[in-house]
Amino acid sequence: MPHDLLPPFVLKDGETFAMLDRRGEICPETHPDSGIYHRGARHVSRLELLLWDQSPIVLSSAESWEMGLHVSHLSNDIDGSGAPPPGSVHLKRSTVLTPTSCLQTLDFTSYLAGAVVMPLTLRFDADFRDIFEIRGHQRPQRGRTVRRHTQDFLEVAYGGLDGEDRRTLLRVGGLAAEVGESHINLMLQLEPRCTRRVYLLLDFHPVGDGDRVAVEDAFDAALAATNERLRDSQRQAASIATDNQAFNSWLARSMSDVHLLSSQLEHGLYPYAGVPWFSCPFGRDGLITARQMLLVEPRLARGVLGFLADQQASHLDPAVDAEPGKILHEARLGEMAALGEVPFARYYGTVDATPLFLILAGDYLLRSDDKSFIDQLRPALDQALAWIRAAEARSQDRFLRYQCAAQGGLRNQGWKDSDDAIHHADGRLAEGSIALCEVQAYAYGARRAMAGIEQRFGRAAEAQQLREEAHLLRRRFHAAFWCDAIGTYALALDGEGAPCEVRSSNAGHCLWTGIASRDAAASVARQLMAPTSFNGWGVRTLDEREARYNPMSYHNGSVWPHDNALIALGLARYGHMPEAMKILSGLFDTARALPQFRLPELFCGFPRRDDEDPTLYPVACSPQAWASGSVFGLLEAITGMGIGRDPETDRVQVLFRKPVLPKGINLLEINGLRLGEEEIDLQVHRSEHDTGVLVRRRTSGVDVMISK
C-alpha cells in the first residue's frame, strides 16, 4: 500500500488527539484530515520538517502500543545543494501527547566521516477549524486569527465567535533559532557517530514565561505519565492470551485501542467513540463498548453508567431532542457546538441509548455485584424506564419509536443513523415516526435487566411485573415485525405501521437480547449467513438482494465489526455456534489483513476474494471503540461465557455454554477475572473430542459450571 494511502498513526490523551503520517508529521496535502485536535478544534494543521530543504525519507514508523508513543526512523534524502549523500544522517523522531500539548524529540546521528552543519526547517500552522468544518460543514463566518513570534517561540491565536481564545505555541528547546510567522530555522552541527537531540513543544494552554517548564524536561515527564496511565489501565483489566500469536496481536491492539480512546471523566473511564470524527462521549457507543468489554474491564461500565446518569435529560427541549429520562446521544466541545451551529453540545437524538443503559446496568450488577453503585443509579434507572414506558404509550402500536424534532438533528436515531438507512423494499425512505426492530429488542432486554436488578434488591413483585411486560412485548413484536416473505424480522415499521420488509443486520440484534422465538432465530441465522449477506469477512448491514444495497455505503451494505459482534452473541445465545464462529473467523482474517491488527469503524461490503484484502471505507474512524471491543464480545460468544449467581447460596457462578475455540487456537487463558470480591484464572482448551475448561486459580466464593 502506498505510504500516502496508509491510515494515520493515532495518539490520544483526554480531549487531545493527534493523527500523524509515517514521518510523525502533519501534511494537509497528503492527509487533509490529519492534525492535532484539542477540545473539538484543530490546533495544529501543519507540522513538517526539512533537512537541507528536503523532506526526510521513511525507514520505519510505528506506535508503541503500551507506551502511547509514536516513533519514526528517518534519513536525509536527496544529494545536492550542499547536502551529504542520502542515508548519511539518521533521525529518530518520537511523539507523545499530554491532555494539553504535543511533544517531540528529534535525535540526529551522523554517519559521515567528519563534522557537518545541517540546516533544519520546521514548517508550522494552526487553522483552528472546528471538527465539523473538517467534515464538510460550511460556516458563514469565523473568528480572527493572530500570529506572533519571538526568538523563543512561534504562536498562533484564534479568537472564536463563541468568546473562547484558542492558542498553539511552538517552542524549540535550548537552541538558537530564526523564527518566522510559519517556520523555525535551525543550524545543527553534527559530529561523527554522535547523537544530538532537539526538543519540540506544541502547547495548547501556554502559560506565562515565568511558569513555563523547560521543553527538555516536559517530554520525559509526559512520556512517563502516558506510560503509567496506559499500563495501569491494562494492569487492572483481566488478561486474555492464546497459543496463536496473530490472535494475541489482535487482542493486544484492541485492548490498547480501547484504553487509548478512554478518557478519565468525573465518574470514571469513558471510551470516546472514535478518531477523528467522534472523539467525545457518545451514549450508544460507550454503552455497547462497555458491554463488549464487561468481562475483562468492568471499570468502563461503571464510568459509562455514571457519566450518562449525570447527563440524563431532565426536561423537554425539542431543539436537542431531549425528553425527561432520555440518555445522551453525544456531548461535544468546540466552537460550532457552543454557538448552536450544530445541535450536538448536549444532544439526545437517540432512541436506543436509554434501553441500552438499563441493559448495561443489569449486566454490570451481575458481573460486579456492585449493589451500592447500582443503588446510587436508582433514580436514573427509574427515569430511563419511565421514559421507555411513556414513549411506548404515546405510539398507537405501543412500540418504542423516534422522530427527529431538532433542527439539524438526526433524521434516523438508531445506530444506523444515516439519512437513507431506513427504507422499504422498493427503496422508498421510511417516513414518520419509526419503530426499529432492534430497538424493540433492546426495550425487551431493558425490562429483563431491570427485573434482574429488582430481584437482586429483594423487590420480587416489581421484578415479576417487568418480566410480564417483557413477555407481552415479545409476543406483540413477533406478530408485528416477522416477515414470512423474507424469513426475518422487518427492519422497521414506518409511521403508518407498514413494515420495511428488508433483510438487514438489525435482525441479528434481536437474537442478542432474546426477544426472538427459537424458530425465528434459526431463520434469521440462515438469512444472516447466506452468501448475499455474509461476504466472507463479516455480515453486511444490508443484504445484496435489497434495492438500496451498496457495498461502499455507510449503512446499506458495509460491514461493521461491532454489529457483527452483537450478532455473534445473539447466534450463540440460540446455540448457533458454527455461525458465530464463522463471524469471528472472518473478522480475525480482517484484522490480520489490515495495518496494526486494527479493525476500523466499518469497511466496504464487497465479496471476499482470495487475492484481495478487505476494501477500506475511506473516512472510517480508526481506531473506533466499539470496533476495538468487538473481539472481546466475539470471545464471549464462542465460549458461551456468562456470569450468574446461585439464588440459594448467592455464590458467583461462571457459566460456559457449549464452549468452542476457532481453528488455529487450541488454548485460551483468562487471568485476573474479577467478579466483585471474587477472582478466578481460567483456561479454555481444545481436546480430541471437545473443548474443556480448567480452573487454574479461584477464590472461595466462585464456582464454574459447564454445559455441553
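In short, a report on the structure. Because the structure is predicted, anything quoted here is derived from the model rather than measured. (Residues numbered from 1 in each chain as written. Predicted model: local features only at pLDDT ≥ 70, side-chain atom pairs only at ≥ 80, totals over all residues. Heavy atoms only, no water.)

1. Topic: the layout of surface pockets
Of the pockets and cavities examined, the largest pocket occupies roughly 1,500 Å³. Considering the residues around the largest pocket, the lining is formed by 45 residues, among which Asp-363, Leu-366, Arg-573, Gly-642 and Ile-643 are closest to the centre. A total of nine residues in the lining of the largest pocket trace back to one element, the largest contributor, which is helix H9 (residues 437–456). Per-class residue counts for the lining of the largest pocket are 21 nonpolar, nine polar and 15 charged. (1 Å grid on protein atoms, 1.4 Å probe; cavity = no way out; pocket = protein on both sides within 12 Å on 5 of 7 lines; lining within 4 Å. Points joined across faces, edges and corners; volume = space filled by probe spheres on them. Helix = DSSP H or I, 4+ residues; strand = E, 2+ residues; numbered from the N terminus. Nonpolar A, V, L, I, M, F, W, Y, C, P; charged D, E, K, R; others polar.)

2. Let's talk about the nonpolar core
Phe-357, Tyr-489 and Ile-583 are the most contacted members of the largest nonpolar core, which totals 176 residues. Ignoring sequence-local partners within four residues, the contact set of Phe-357 consists of Leu-287, Leu-305, Leu-308, Ala-309, Ile-327, Ala-380, Leu-381 and Ala-384. Grouped together as the second largest cluster of nonpolar side chains are 39 residues, Val-44, Ala-126, Leu-170 and Phe-204 included. (Core = buried A, V, L, I, M, F, W, Y, C linked by side-chain atoms within 4.5 Å. Buried < 20%, exposed > 50% of the residue type's maximum accessible area, 1.4 Å probe, protein only. Contact = heavy atoms within 4.5 Å.)

3. Points about the packing of aromatic side chains
For the structure shown, the criterion picks out 20 aromatic pairs. For the ring pair Phe-247 and Phe-588, a centre distance of 5.0 Å and an interplane angle of 70° mean the geometry is edge-to-face. Highlighted residues: Phe-247 in helix H3 (residues 245–261) and Phe-588 in helix H14 (residues 577–593), separated in sequence by 341 residues. Given the relative accessible area of 6%, Phe-588 is considered buried. Considering the side-chain rings of Phe-344 and Tyr-347, the 5.0 Å spacing of their centres and the 85° angle between planes classify their relative orientation as edge-to-face. (Phe/Tyr/Trp six-rings, centres within 6.5 Å; stacked < 30°, edge-to-face > 60°.)

4. A closer look at the sheet that holds strand E17 (residues 239–242)
An order of E17-E28-E29-E30 is seen for the four strands of this open sheet, with the pairing classed as antiparallel. A strand with exactly one partner marks an edge of an open sheet, and here the two such strands are E17 and strand E30 (691–698). Mean inter-strand twist for the sheet, computed between neighbouring axes without regard to direction, equals 15°. Direction of pairing for strand E28 (residues 667–675) relative to strand E29 (residues 678–686): antiparallel, over a ladder of seven bridges. In the sheet register, Leu-667 faces E29, and the bridge partner there is His-685. (Pairing = 2+ DSSP bridges. Axes fitted to C-alpha atoms, helices over the stretch in contact; angles between N-to-C directions.)

5. A look at the pattern of salt bridges
Inspection of the entire model under this criterion finds 50 salt bridges. Salt-bridge contacts for Arg-139 lead to Glu-335; the nearest nitrogen and oxygen are separated by 3.0 Å. Taken together, the positions of Arg-139 in the loop between helix H1 (131–134) and strand E11 (144–149) and Glu-335 in helix H6 (residues 335–339) put the pair 196 residues apart, joining distant regions of the chain. Among the residues examined, Glu-335 registers a relative accessible area of 3% and is labelled buried. For Arg-428, the salt bridge identified is with Asp-426, shortest N-O distance 2.8 Å. The exposure class assigned to Arg-428 is partly exposed, which follows from its relative accessible area of 48%. Through salt bridges with shared partners, a single network forms among Glu-133, Arg-139, Arg-142, Glu-335 and Glu-341. (Salt bridge = Lys/Arg side-chain N within 4 Å of Asp/Glu carboxyl O.)

6. Structural notes on the side chain of Ser-533
Here Ser-533 lies in the loop between helix H12 (518–528) and helix H13 (561–573). Discounting chain neighbours no more than four positions away, the residues touching Ser-533 are Gln-527, Leu-528, Gly-538, Val-539, Arg-540 and Asp-543.

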